[in-house]
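Overview (structure and organization)
What follows is each chain in one-letter form.
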Amino acid sequence: MINKFKHNTKIKVIAILSAMALWMYVMLAVDPQESKLIENIPVHITNTAELEDRGFVIYPDEEITADVTVTGQLSKVKSLNKDKIYVYGEIKKPIEGNNDMYLKVNVSETVDNTVLRSPVAMVNLERVVKKDKAIKVNIEGAKKDDISEVKLEKNKVKVSGPRSMVNKVKNVEAELNVETGKDNFTRNLKLVPIDENGEKVEDVVLSTYYVKADVEMYKQKTVPIKFNIKEDTEDIKSYDVSTKEVVIKGKKEAIEAVGSIETELIDLSELEDSNEIKVNLIVPDGVNTEFSTITVSKKPKELANKSFTFSADEIELRKSEDVEGEENTIISPNEIRVDVEYDSDLGEVKKSDIKLYLDLTQQSVTDSKYVIKYESNFNFKNVKITPN
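Now for a description of the structure that goes with this document. (Residues numbered from 1 in each chain as written. Predicted model: local features only at pLDDT ≥ 70, side-chain atom pairs only at ≥ 80, totals over all residues. Heavy atoms only, no water.)

Re the overall build of the chain
A tally of helices and strands in the chain yields six helices and 26 strands. Across the 388 residues in the chain, those meeting the buried criterion constitute 31%. Excluding contacts between residues fewer than 6 apart, the proportion of contacts in the chain whose partners are at least 24 apart in sequence is 69%. Only carbon and sulfur atoms are counted for the fraction: they give 47% of the accessible area of the chain, which is about 25700 Å². (Helix = DSSP H or I, 4+ residues; strand = E, 2+ residues; numbered from the N terminus. Buried < 20%, exposed > 50% of the residue type's maximum accessible area, 1.4 Å probe, protein only. Contact = heavy atoms within 4.5 Å. Areas by Shrake-Rupley, 256 points an atom, 1.4 Å probe, with all protein chains shown as cover.)

With respect to the sheet that holds strand β17 (residues 261-263)
Overall, mixed pairing links the seven strands, which are arranged β15-β20-β18-β17-β14-β16-β19 in an open sheet. Single-partner strands in this sheet number two, and they are β15 (239-241) and β19 (287-289). Pairwise comparison of adjacent strand axes, ignoring direction, gives a mean angle of 35° for this sheet. By the bridge criterion, three bridges tie strand β16 (residues 245-250) to β19 in an arrangement that is antiparallel. (Pairing = 2+ DSSP bridges. Axes fitted to C-alpha atoms, helices over the stretch in contact; angles between N-to-C directions.)

A few points about the nonpolar core
One finds Ile 45, Val 70, Val 87, Met 101, Leu 103 and Val 123 to be the most contacted residues of the largest nonpolar core, which totals 24 residues. When contributions to this core are tallied by element, the ones reaching two or more residues are β1 (33-45), β2 (56-58), β3 (65-73), β4 (85-89), β5 (97-107) and β7 (120-140). Among the elements that take part in this core, β1 stands out by supplying four residues, more than any other. Once you skip the residues sitting within four places of it in the chain, Leu 103 turns out to touch Val 43, Ala 66, Val 87, Tyr 88, Gly 89, Leu 116, Ser 118, Pro 119 and Ala 121. By size, the runner-up hydrophobic cluster in this structure holds 23 residues, among which are Val 157, Val 166, Val 169 and Val 211. (Core = buried A, V, L, I, M, F, W, Y, C linked by side-chain atoms within 4.5 Å.)

So, the pattern of salt bridges
Applying the stated criterion to the full structure yields 16 salt bridges. Among the salt bridges present, the one from Glu 316 reaches Arg 318, with a minimum N-O distance of 3.3 Å. Here Arg 318 falls in the partly exposed class, since its relative accessible area comes to 24%. Salt-bridge contacts for Arg 337 lead to Asp 339; the nearest nitrogen and oxygen are separated by 3.1 Å. Among the ionic contacts, a cluster of salt bridges with common partners joins Glu 39, Asp 67 and Arg 117. (Salt bridge = Lys/Arg side-chain N within 4 Å of Asp/Glu carboxyl O.)

Description of the environment of Lys 381
Secondary-structure assignment places Lys 381 in the loop between β25 (372-376) and β26 (382-386). Given a relative accessible area of 52%, Lys 381 falls into the exposed group. Excluding anything up to four places from it in sequence, Lys 381 contacts Leu 303, Glu 341, Tyr 342 and Asp 343.

A look at the sheet that holds strand β23 (residues 335-343)
Read from one edge of the open sheet, three strands run β21-β23-β26, paired in antiparallel fashion. At either margin of the open sheet sits one strand with a lone partner, and together these are β21 (303-311) and β26. Strand-to-strand twist across the sheet, computed as the mean angle between neighbouring axes with direction ignored, equals 15°. For β21 and β23, the ladder comprises nine bridges, and the chain directions are antiparallel. The residue of β23 that forms the bridge with Phe 308 is Val 338.

Observations regarding unusual backbone geometry
In this model, Tyr 59 is joined to Pro 60 through a cis peptide bond whose omega is 0°. Mapping Pro 60 onto the fold places it in the loop between β2 and β3. Note the cis peptide between Thr 386 and Pro 387, where omega equals -15°. On the secondary structure map, Pro 387 appears in the segment after β26. Phi at Asn 40 is positive, roughly 55°, even though this residue is not glycine. Following the sequence through the fold, Asn 40 ends up in strand β1.

A short note on a nonpolar patch on the surface
Among the surface-exposed residues, Val 205, Tyr 209 and Tyr 210 lie close enough to one another that they form a single nonpolar patch of about 310 Å² accessible area. Within the secondary structure, Tyr 210 sits in strand β13 (residues 210-217). Looking at Tyr 210, the relative accessible area reads 49%, which means it is partly exposed. (Patch = residues over 30% accessible without salt bridge, like charges linked within 9 Å, V, L, I, M, F, W, Y side chains within 5 Å.)

Thoughts on the packing of aromatic side chains
Summed over all chains, the structure comprises four aromatic pairs. Centroid distance Tyr 374 to Phe 380: 6.2 Å. Interplanar angle 50°. Geometry classified as tilted. A connected cluster of aromatic rings, assembled from ring pairs, spans Tyr 342, Tyr 374, Phe 378 and Phe 380. The ring of Phe 310 carries Lys 351 above its face, with NZ or CZ at 4.8 Å from the centroid. (Phe/Tyr/Trp six-rings, centres within 6.5 Å; stacked < 30°, edge-to-face > 60°. Lys NZ or Arg CZ within 6 Å of the ring centre and 35° of its normal.)

Next comes the structure, spelled out in structure tokens:
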């Protein structure tokens, strides 16, 4: 019997058609009950306008969602999604901080029952506050040190928003970048709320986002340096100075009043123990200089040069008593040239001031030659003996 059923195709087809007909009967005639969980449905707060009128704001403004289980006829439930379900609530007796909001549900289709997974949503409210914050201008660029003054059309701006965020605002900053130019100018600067760490504060509103700035540049000119020397008999021309001019900066009135910059009293006797001394400039109020000190130093002494020619007979032979063979010493070539370099203030150098000699005790072992040496009461900078 079982084997016959396995091979009877007609019986198989009849069984399948009977099952389909029974399923269609149940769906169309009976329409059974079905439950469906729909998640992450946006929650709408119905009295936001009232909250704003009472000075509240929802913060942080994050999306509130709810999960709803819907029960009803299968034909109705199966097509439901979160776009067809409206979840809402009202915040009654609002306070600053956490508020309980009881939720309700409306469904676009006719269903038997709706159940919220959580019938209460937590909503945080903050008071909307306004505070005046000072405007701070940050000056950058190659010409930032040439700016005399920045005048803003206003020095404060109102910052509004959730209390916690407004309290984070330390000041409102503007960036002023000046790379070139020397004339005064006007520029609109963008304002940004900044916290104590220098970071931008989000979720606040400024009463204005730009401020007009009138920028005044320093006037500049080059003036001579006036050297005040302690000794009346001394002249600065006898010394080297690092510079004789200086660039001054300042407001127009202050710059026009300055014809030169004086030094503090210079005691040139200090150069007896030092090669150079630092001297401060006396800078008037309201004037800036590119440097505040100069250097005074001794001038290098002028060097003199002379050449002398010595014959072999003019070279002294020096030896110890135990050294023999002076009579066999031959000096070649016959002419010796001596070039000397010395400070010109030492006076005139004569040939007689130089004595050449050979030290026969210091003969070269390899080639039996001697080095020509010299003696003099003069302190030469350089001496060249050819040949030596």
